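Below, each chain spelled out in residue letters.
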Amino acid sequence: MMPYVQPTATPHSPFLGRLLYVEDNPQIAEVTCLLLEDSGLEITQAQSAEEALRIADDEAVPFDIVLTDVVMPGLSGVQLARRLNRRWPDLPIVLVSGFSDELAMGYGGQYELLRKPFTRGALLDILQRHLDGAVYQPA
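I will try to describe carefully the structure that is included in this document. All values reported here derive from a predicted model rather than from experimental measurement. (Residues numbered from 1 in each chain as written. Predicted model: local features only at pLDDT ≥ 70, side-chain atom pairs only at ≥ 80, totals over all residues. Heavy atoms only, no water.)

## With respect to the overall build of the chain
Put simply, the test is: Every helix listed is a DSSP run of H or I at least four residues long, and every strand listed is a run of E at least two residues long, numbered separately from the N terminus. Burial status follows relative accessibility: with a 1.4 Å probe on protein chains alone, a residue under 20% of its type maximum counts as buried, one over 50% as exposed, and anything between as partly exposed. Contacts are assigned to residue pairs that have any heavy atoms within 4.5 Å of one another. Here the Shrake-Rupley method, with its probe set to 1.4 Å, supplies the accessible areas, and only the displayed protein chains count as covering residues.
Check the secondary structure of the chain and you find 4 helices and 5 strands. For the chain, the sequential pattern of α-helices and β-strands runs β-α-β-α-β-α-β-β-α. By the burial criterion, 42% of the 139 residues in the chain qualify as buried. Once local pairs closer than 6 in sequence are excluded, the contacts in the chain between residues at least 24 apart make up 64%. Surface accessibility of the chain: about 7,800 Å² in total, with carbon and sulfur atoms responsible for 56%.

What follows is the structure in structure tokens.
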């Protein structure tokens, strides 16, 4: 049996880790996954907050970061974030929204918001900062 070798980041794959990505729009999900190609992240996709909670509950090891849409049928991304943080208080979560009034709706500001549409650079930058622990404040 071959020994397990931990992959290493290259200039083209800036980080290692497991990302739980929650997006109900298949086209947006596909584009975002293309933006994250070669990032080094292992991506697990969910199409709803409820599916994301089931996936997270089945994992022996928590994800390294969560990227979730805010506005979805059923539970919102904010509700998902709060439930995940009750179980894993140090889990970094980034919210994604195309709605400019999302901030005014008062999700609390405890989560950073990435506005749609976003560039690959903006996406990688926000994920890098959260994975490094530079901006994340536990709820």
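## Some details on the environment of Leu53
Looking at where Leu53 falls in the secondary structure, it is placed in helix H2 (residues 49-58). If we skip the residues at most four places from it in the chain, Leu53 touches Leu75, Leu80, Arg83 and Leu84.

## Quick word on the nonpolar core
Going by this rule: Grouping buried Ala, Val, Leu, Ile, Met, Phe, Trp, Tyr and Cys residues that are joined through side-chain atoms within 4.5 Å yields what is termed a nonpolar core.
Among the nonpolar cores identified, the biggest contains 23 residues, and Leu20, Val22, Leu80, Leu84, Leu91, Ile93 and Leu95 are the most heavily contacted of them. Within the residue set of this core, elements represented by two or more residues are strand E1 (17-22), H2, helix H3 (77-87) and strand E4 (93-97). Looking at which element gives the most residues to this core, the answer is H2, with 5 residues. The next biggest cluster of nonpolar side chains, apart from the first, holds 17 residues, and it includes Ala29, Val96, Phe118 and Ile126.

## A few points about the packing of H2 against H3
Cut-off, in case you're wondering: Throughout, an axis means a line fitted to C-alpha atoms (over the contacting stretch in the case of helices), and angles, computed between N-to-C directions, take values from 0 to 180 degrees. Should an angle fall under 35 degrees it is called roughly parallel, over 145 degrees roughly antiparallel, and 65 to 115 degrees roughly perpendicular, with every other angle called oblique. In a left-handed crossing the near helix is turned counterclockwise from the far helix by less than a right angle, and in a right-handed crossing that turn is clockwise. Note on residue categories: nonpolar means Ala, Val, Leu, Ile, Met, Phe, Trp, Tyr, Cys or Pro, charged means Asp, Glu, Lys or Arg, and polar means any other residue, Gly included.
Interaxial distance between H2 and H3 falls to 10 Å at its minimum, and their mutual angle equals 15°. Taken together, the axes of H2 and H3 lie roughly parallel to each other. Note that H2 runs across H3; the crossing there is right-handed. Facing H2, whose interface residues are Ala49, Ala52, Leu53, Ala56 and Asp57, H3 presents Leu80, Arg83, Leu84 and Arg87. A per-class count over the contact of H2 with H3 returns 6 nonpolar, no polar and 3 charged.

## Some thoughts on the side chain of Thr32
Its location among the elements puts Thr32 in helix H1 (residues 26-35). On the basis of relative accessibility, which here comes to 2%, the residue Thr32 falls in the buried class. Not counting residues up to four positions away in its chain, the partners in contact with Thr32 are Tyr21, Leu67, Phe118 and Leu123.

## Regarding the pattern of salt bridges
As a reminder, the rule being used: Put simply, a salt bridge is a Lys or Arg side-chain nitrogen that is within 4 Å of an Asp or Glu carboxyl oxygen.
Under the defined criterion, the tally for this structure stands at 7 salt bridges. Between Arg18 and Glu59 there is a salt bridge; the shortest N-O distance is 2.3 Å. Of this pair, Arg18 sits in strand E1 while Glu59 sits in the loop between H2 and strand E3 (65-69); the two residues are 41 residues apart in sequence, bridging distant segments of the chain. Overall, Arg18 belongs to the buried group, its relative accessible area being 16%.

## Observations concerning the sheet that holds E1
How we decide: For two strands to be treated as a pair, DSSP must find at least two bridges joining them.
Overall, parallel pairing links the 5 strands, which are arranged E2-E1-E3-E4-E5 in an open sheet. Across the chains shown, the open sheet's two edge strands, defined by having one partner strand only, are strand E2 (41-46) and strand E5 (112-115). Neighbour to neighbour, the strand axes of the sheet diverge by 25° on average, direction disregarded. Looking at chain direction, E4 and E5 are connected through 4 bridges and run parallel. By the bridge assignment, Val96 is partnered in E5 with Leu114. Along the sheet, H1 contacts E1, E2 and E3; its crossing angle with E1, the most-contacted strand, is approximately 160°. On the sheet, H3 packs against E1, E3 and E4 and is oriented at approximately 175° with respect to E4.

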